[in-house]
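# Structural description and commentary
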Amino acid sequence: GQEKDKYIAPSAERGWNDPPQFSYNLQNARGQQKGHLTRRAAPPTSSAPPTIPLSSNPLAPPPCSLAPPPRLQGKKQNCFMMKCCHGNNRSDGFLTAGPPTTTTPPVQPGSQEEEGGGDQTQCEPDVEVVLSSLNRALATCRQSVKDQVCNDVEKRLLLLDDSWRAGKLSLPVRRRMEALSLELRAGHWDSANEIHRSLMVDHVTEVSQWMVGVKRLIAETRNLNPELLEQLQDTSVTDQDSDLLQG
Amino acid sequence: MSTYQEFIQQNEDRDGVRFSWNLWPSSRLEATRLVVPVSCLFTPLKERPDLPPVQYEPVLCSRANCKAVLNPLCQVDFRAKIWACNFCFQRNPFPPSYAGISEANQPAELMPQFSTIEYIVQRGTPAPLIFLYVVDTCLEEEDLQALKESLQMSLSLLPPNALVGLITFGRMVQVHELSCEGIAKSYVFRGTKDLSAKQIQEMLGLSKPMASGQQGRPVAPQDASAFCRFLQPVHRVDMNLTDLLGELQRDPWPVPQGKRPLRSTGVALSVAVGLLEGTFPNTGARVMLFIGGPPTQGPGMVVGDELKTPIRSWHDIQKDNARHLKKATKYYEALANRSAVNGHSIDIYACALDQTGLLEMKCLSNLTGGHIVMGDSFNTSLFKQTFQRVFSKDYNGDFRMAFGGVLEVKEMGVGGTSQWKVCSLNPSTTLGLYFEVVNQHNAPVPQGGRGAVQFVTQYQHSNTQRRIRVTTIARNWADAQSQIQHIESSFDQEAAAVLMARLGVFRAESEEGPDVLRWLDRQLIRLCQKFGQFNKDDPTSFKLSESLSLYPQFMFHMRRSPFLQVFNNSPDESSYYRHHFVRQDLTQSLIMIQPILYSYSFYGPPEPVLLDSSSILPDRILLMDTFFQLVIFHGETIAQWRKAGYQEMAEYENFKQLLQAPLDDAQEILQTRFPMPRYVDTEHGGSQARFLLSKVNPSQTHNNLYAWGQETGAPILTDDVSLQVFMDHLKKLAVSSSA
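In this text, all values refer to a predicted model and were calculated from it rather than measured experimentally.

Before going further, it helps to spend a moment on the overall build of chain A. The number of helices and strands found in chain A is 11 helices and two strands. Ordering the α and β elements of chain A from the N terminus gives α-β-β-α-α-α-α-α-α-α-α-α-α. For chain A, the residues scored as buried account for 39% of the 247 residues in total. Sequence-distant contacts in chain A: of pairs separated by 6 or more residues, those separated by 24 or more amount to 66%. By element, 55% of the accessible surface of chain A is carried by carbon and sulfur atoms, the whole surface being about 13,600 Å².

Rendered as structure tokens:
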């Protein structure tokens, strides 16, 4: 589902100790760095080597078998994460635990997929609809943009079409392309660009052959003179109505 | 003293400055007696979301050899509209635009909270950013494919107006012409022959740049593409360049059995530097070098093509058995200097299982402020994400990279001004600056009782504006003879540790390892002798005040760090670690010196624990951050529980949470750190546990050939011991009346 989209666990096959991979959106969601992990333990004051504290674990395993870990008791929630307990990270003393909260995976910032209505029953993106939006934009561009450029874009849109119909594109890519085409239709150039970037970052192998054409299409479309843009947007609206009528 | 802690923190937050001493000794003699020099860590472009730049140019002192910038320390006569420079005492009239100022209506640059302020310089045409990719094609198929994809991806991350260029190399060097139509043309150079800049420019048919020879007058973007077919705006060539990259093949020259590929890195870089020199001198540019192995032919070769001759190790270097080292280093230093003079920076992205020659090439990045990224293969998330982060954006949507930096440091009195060029900067780039107090002993404390330093950083912002950031700081002078305790309480042990460590690393580049350790030990002992409270010859009486209590520990870890202990690493690895160490901010530098260790358990919130083997317990999970690695270590019992699968059972949900907790805490680091660290998930008995064990235990394997500590005379601390024994020995030496 969406989670797989955001975080790819480290792969033992790739590099030695390769770190996990974060999606474009997750990486860009960084806010002010809190710098949680910055405290150090105070140095020992006595000359004697530090003693190993007696483990107060009442469940120290009996010699022949492994005792289970402490069980979750009723509503009591354990606070393991630095993030929820964190106070002033400059103090040297041991911090008392803050209000306990459950550890939850980090909240994902509103991704483009979720903008379009995050219901799980979202239908399979329709390649016809997506391509027709893009092709309509291209047709409008042909009126003022150099032929060579338009032909290059068209070549790539065909590649996109082929790859999609041949089942070579994964669901996240198809979903995001649908979202991109909607943003393009609506004239939300920056959003469309963000989606293109997120696709290049997260799914470069699948999209690199044709995505630069889509990128160029966004760039050229946004630069069209207002007249042509209006033309484009009018036709888009008409189509949307007709889509709705068809149910 | 908690007030100094707050003072130190506030100053760092506002000005990006951390001084070793926050009260300055008033004479040179006293300053040397303090052992740690008066010095500071300075982050010129510290991220300040709360500091919007002002849209006017700075007001400068009119004295020709001063030119200090108007700042909060200046005396102002609002009625006469005159200000007195606090550095040279010259009285300057305000410019006409300041006619309306008054006590109640002051310009920002006079207000104390704007001790750091940024100006946008209006003059001049904005110059485009330039990115020149220099790509090794002697890679394995899978590796090359991954690299190609990363480069294609990066085109989507570049600003549309940036200029981009491509040079590929293997046995030959190819400069690709980027045109919008038809056939792709390229110019080929032999990889064995070095050429002068002039020859390169002639061969590439480069006409003279329109603004050639003019200081700081960059070429307008629309003219650029007119005469440089090799560097074109992204928005124009992205489709063609994407295709070109997609079609790149492995270097076609076959590599016989037992041989290395012939890689002409030296000539490739020479062409790149020459190309930029001839077309865009004095403009922000990044040469990005991607290599999958060492240079094996032509100038700058680091090793021959016979596999049976291994690339030099530290032992080879010690035995003076590294044939190419001196020559190659000299070659790359010359290129680096040329690049720096032009304000161009060079990044090295080196991904290979064996060394690639970072030792010889590191000057390319070190002298120009470029990055060095080291990985095992281009097909790893470590490389891909680190590379992505080169193009990361800040809270304003601008790149976190700045170009053509010139830092000027102005101090009061005799010193005058010093200038340094930092071709490439980012918000965390931190410089170490070391000052000399020049006052004669027993001379009166200078007028005003305060010393002042002004840092003026001019640079090209990633949005192509030229900006000037000015930071002006002051600290009180103190008479060391009567106020030594105050001076002591103003000691910033964290900053001091990093500043001394940087000095150590600097020395290590030219001195023998044991000599550097001896020097570090000597400084530590002297500091303890000066500031420790003790009874003579009674080690048990030894005490250090709070402001110095952590310092010996930092030095203990520094001595054992990969920055000074090189024999456990390859020369390339040492170069890589040192490169990052001397440019990071204080917090990250401390992590590198003394890794952070947190312990997770059922018994309470996560807590920092000693970097000692006693912190390894069966029912704890440890998270260690060394900056270069994040290690999660599961104690024996935890590992057994994990193996038994308790985390899958509903009633042991809390165990699942415990396992997840260190991963979540590590996430912020993994998401933001540059370069991305290696990630080790291991447990008691695991082979990867060695990363943790080597940090917490005295190193057992360290059998070096040099028997330091056995010379007569200089007192020395013993190596290979625990912190406890180290501290004991230190105390003995500090209190000894015969030292």
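Right, let's talk about the overall build of chain B for a bit. Within chain B one finds 21 helices and 27 strands. What you see for chain B is a C-alpha radius of gyration of 28 Å, in line with the 27 Å of a compact globule of 739 residues. Its C-alpha atoms give chain B principal-axis dimensions of about 85 × 80 × 60 Å. Every one of the 739 residues in chain B was classed for burial, and the buried ones make up 61%. Of the accessible surface of chain B, which amounts to about 29,200 Å², a share of 50% is contributed by carbon and sulfur atoms. Chain B carries 69 positive and 74 negative side-chain charges, and their two centres are separated by 7 Å.

Glancing now at the packing of aromatic side chains. Residues and elements named next belong to chain B. A complete count under the given rule lists 35 aromatic pairs over all chains for this structure. Ring plane angle 85° and centroid distance 5.4 Å describe the contact between Phe 290 and Phe 387, whose orientation is recorded as edge-to-face. Within this pair, whereas Phe 290 is found in strand E13 (residues 285-291), its partner Phe 387 is found in helix H11 (residues 381-390), the two being separated by 97 residues in sequence. Neither Phe 290 nor Phe 387 differs from the other in exposure class; each is buried. Through a chain of ring-to-ring contacts, the aromatic side chains of Phe 131, Tyr 133, Phe 290, Tyr 349, Phe 378, Phe 383, Phe 387, Phe 391 and Phe 399 assemble into a single cluster. It is Arg 171 that lies over the ring of Trp 253; its NZ or CZ is 4.3 Å from the centre.

Backbone hydrogen bonds are what pair the strands of a sheet, in a parallel or an antiparallel way. All names here are of chain B. Across the sheet, three strands lie side by side as E4-E5-E6; this open sheet has antiparallel pairing. Unpaired on one side and paired on the other, strand E4 (75-77) and strand E6 (91-93) mark the two borders of the sheet. Neighbour-to-neighbour, the strand axes of the sheet open up by a mean angle of 25°, direction not taken into account. Pairing analysis gives three bridges linking E4 to strand E5 (residues 82-84), with the strands arranged antiparallel. Residue pairing for E5: Val 76 is matched across the bridge by Trp 83.

On to the packing of helix H13 (residues 493-508) of chain B against helix H14 (residues 513-531) of chain B, then. All names here are of chain B. Relative to each other, H13 and H14 sit at 155°, their axes nearing to 9 Å. Regarding the angle of H13 to H14, the classification is roughly antiparallel. When the axes of H13 and H14 are compared, the crossing they make is right-handed. Here Met 500, Leu 503, Gly 504, Arg 507 and Ala 508 of H13 lie close against H14, whose contacting residues are Val 516, Trp 519, Leu 520 and Gln 523.

This paragraph deals with the UniProt feature "domain: Gelsolin-like" (unreviewed entry) in chain B. Mapped onto the present numbering, the UniProt feature "domain: Gelsolin-like" (unreviewed entry) falls on residues 606-692 of chain B. This span, residues 606-692 of chain B, is 37% helix and 23% strand, and a straight line between its end C-alpha atoms measures 18 Å.

A separate point is the confidence of the model for chain B. Residue and element names in this part refer to chain B. Taken over all residues, the pLDDT of chain B has a mean of 90, while the share at 70 or more is 92%. Note that residues 210-217 has pLDDT below 50 and, in this model, six contacts with residues that lie over four places away or in other chains. Contacts for the low-pLDDT stretch residues 699-716, under 50 throughout, to residues beyond four places or in other chains number 24 contacts. Of the two predicted TM-score estimates for the complex, the pTM is 0.89 and the ipTM is 0.85.

With that out of the way, let us pick up the sheet that holds strand E3 (residues 39-42) of chain B. All names here are of chain B. A sheet is described by the order of its strands in space; here three strands give the open sequence E1-E3-E18, paired in antiparallel fashion. The sheet is open, and its two borders are formed by strand E1 (17-19) and strand E18 (431-434), each paired with just one other strand. Adjacent strand axes in the sheet meet at a mean angle of 20° when their direction is disregarded.

Membership of the largest hydrophobic core comes to 144 residues, with the highest contact counts inside it found for Leu 275, Phe 455 and Tyr 551 of chain B. Setting aside residues up to four positions removed in sequence, Phe 455 of chain B forms contacts with Val 17, Cys 40, Phe 42, Leu 407, Glu 408, Val 409, Leu 433, Phe 435, Arg 469, Val 470, Thr 471 and Ile 473 of chain B. Val 173 and Val 212 of chain A together with Met 288 and Cys 351 of chain B belong to the second-largest nonpolar core, a separate cluster that totals 75 residues.

Moving on, we get to the pattern of salt bridges. Tallying each qualifying case throughout the model produces 43 salt bridges over all chains. Two residues, Arg 467 of chain B and Glu 118 of chain B, come together in a salt bridge whose shortest N-O distance is 2.7 Å. Of this pair, Arg 467 of chain B sits in strand E20 (residues 466-478) while Glu 118 of chain B sits in strand E7 (residues 116-121), and the two are 349 residues apart along the sequence. When its relative accessible area of 11% is taken as the criterion, Arg 467 of chain B is described as buried. Through salt bridges with shared partners, a single network forms among Lys 215, Arg 216 and Glu 220 of chain A together with Asp 238 of chain B.

The next subject is helix H19 (residues 653-672) of chain B. Residues and elements named next belong to chain B. Taking 1.5 Å as the rise per residue, H19 with 20 residues should run 28 Å; its terminal C-alpha atoms sit 29 Å apart, in good agreement. Ala 666 marks where H19 bends most, by close to 35°. The buried fraction of H19 amounts to 16 of the 20 residues, a majority that puts the element mostly inside the structure.

Residue and element names in this part refer to chain A. Packing of helix H5 (residues 127-141) against helix H6 (residues 147-165) brings their axes to within 11 Å, and their N-to-C directions diverge by 175°. In this view, H5 runs roughly antiparallel relative to H6, as classed from their interaxial angle. Contacts between H5 and H6 involve Val 127, Glu 128, Val 130, Leu 131, Leu 134, Asn 135, Leu 138 and Cys 141 from the former and Cys 150, Val 153, Glu 154, Leu 157, Leu 160, Asp 161, Trp 164 and Arg 165 from the latter. Residue classes in the contact of H5 with H6 are distributed as 11 nonpolar, one polar and four charged.

Once that is clear, we can look at the side chain of Thr 242 of chain B. Mapped onto the fold, Thr 242 of chain B is located in helix H6 (residues 234-246). Ignoring anything within four residues of it in the chain, the contact list for Thr 242 of chain B reads Ser 208 and Val 212 of chain A together with Gln 152 and Leu 155 of chain B.

A word on the environment of Leu 232 of chain A. Residue and element names in this part refer to chain A. Among the secondary structure elements, Leu 232 is positioned in helix H11 (residues 226-246). A relative accessible area of 5% means that Leu 232 is categorised as buried. Among all residues touching Leu 232, those that are not within four sequence positions of it are Arg 136, Ala 137, Thr 140 and Thr 221.

Before going further, it helps to examine the side chain of Asn 17 of chain A. Looking at the element boundaries, Asn 17 of chain A is found in the loop between strand E1 (7-8) and strand E2 (21-22). Side chain to side chain, Asn 17 of chain A and Gln 688 of chain B meet in a polar contact 2.8 Å long. Setting aside residues no more than four positions away along its own chain, Asn 17 of chain A makes contact with Arg 678, Tyr 679, Val 680, Gln 688 and Phe 691 of chain B.

Residue and element names in this part refer to chain B. Put simply, Phe 674 and Pro 675 share a cis peptide bond, and its omega is -5°. Note on placement: Pro 675 falls in the loop between H19 and strand E27 (678-683). One non-glycine residue, Val 35, lies in positive phi territory at about 75°. Here the phi dihedral of Phe 89 falls at roughly 70°; this positive angle occurs in a residue that is not glycine. Position of Phe 89 among the secondary structure elements: in the loop between E5 and E6. Assessed through its relative accessible area of 49%, Phe 89 is described here as partly exposed.

Turning our eyes to something else, we now look at a nonpolar patch on the surface. All names here are of chain B. On the surface, a nonpolar cluster with roughly 260 Å² of combined accessible area is contributed by Met 172, Val 188 and Trp 253. Looking at the element boundaries, Val 188 is found in strand E11 (residues 186-190). For Val 188, a relative accessible area of 47% corresponds to the partly exposed category.

Moving on: the state of the cysteines. Using the criterion set out here, one finds zero disulfides over all chains in the structure. Free cysteine: Cys 141 of chain A, not disulfide-bonded; nearest cysteine sulfur from Cys 150 of chain A at 6.0 Å. When its relative accessible area of 1% is taken as the criterion, Cys 141 of chain A is described as buried. Here Cys 40 of chain B is not cross-linked by a disulfide; its sulfur's nearest cysteine counterpart is in Cys 66 of chain B, at 19 Å. Judged by relative accessible area, Cys 40 of chain B falls into the buried class, the value being 0%.

Turning our attention to the pairing of strand E25 (residues 621-625) of chain B. Residue and element names in this part refer to chain B. Of all five residues in E25, five are buried, a share of seventy percent or more. Alternating residues of E25 divide into Ile 621, Leu 623 and Asp 625 and Leu 622 and Met 624, and every residue in both groups is buried. Here five bridges tie strand E23 (residues 596-601) to E25, and the two strands are oriented antiparallel to one another. Its bridge partner lying in E25, Ser 599 is registered against Leu 622. Taken together, the five bridges between E25 and strand E26 (residues 629-634) define a ladder with antiparallel strand orientation. The residue bridging Ile 621 from the neighbouring strand is His 634, located in E26. Linking E25 back to E26 in an antiparallel pair, the connection comprises three residues, with Phe 627 at a positive phi of about 85°.

Quick notes on the rules
Residues numbered from 1 in each chain as written. Chains lettered and ligands numbered in written order. Predicted model: local features only at pLDDT ≥ 70, side-chain atom pairs only at ≥ 80, totals over all residues. Heavy atoms only, no water. Helix = DSSP H or I, 4+ residues; strand = E, 2+ residues; numbered from the N terminus. Buried < 20%, exposed > 50% of the residue type's maximum accessible area, 1.4 Å probe, protein only. Contact = heavy atoms within 4.5 Å. Areas by Shrake-Rupley, 256 points an atom, 1.4 Å probe, with all protein chains shown as cover. Rg over C-alpha atoms; globule rule 2.2 N^0.38 Å. Lys, Arg positive; Asp, Glu negative; His and termini not counted. Charge placed at Lys NZ, Arg CZ, Asp CG, Glu CD. Phe/Tyr/Trp six-rings, centres within 6.5 Å; stacked < 30°, edge-to-face > 60°. Lys NZ or Arg CZ within 6 Å of the ring centre and 35° of its normal. Pairing = 2+ DSSP bridges. Axes fitted to C-alpha atoms, helices over the stretch in contact; angles between N-to-C directions. Parallel < 35°, antiparallel > 145°, perpendicular 65-115°, else oblique. Left-handed = near helix turned anticlockwise from the far one by under 90°. UniProt positions renumbered as here; feature names shortened; annotations may be inferred. pLDDT = per-residue confidence, 0-100. Core = buried A, V, L, I, M, F, W, Y, C linked by side-chain atoms within 4.5 Å. Salt bridge = Lys/Arg side-chain N within 4 Å of Asp/Glu carboxyl O. Expected span 1.5 Å × (residues − 1). Bend = angle between axes of the 7 residues up to and from the residue. Nonpolar A, V, L, I, M, F, W, Y, C, P; charged D, E, K, R; others polar. Polar contact = N/O pair within 3.5 Å; in protein donor to acceptor, adjacent residues only side chain to side chain. Patch = residues over 30% accessible without salt bridge, like charges linked within 9 Å, V, L, I, M, F, W, Y side chains within 5 Å. Disulfide = S-S within 2.5 Å.

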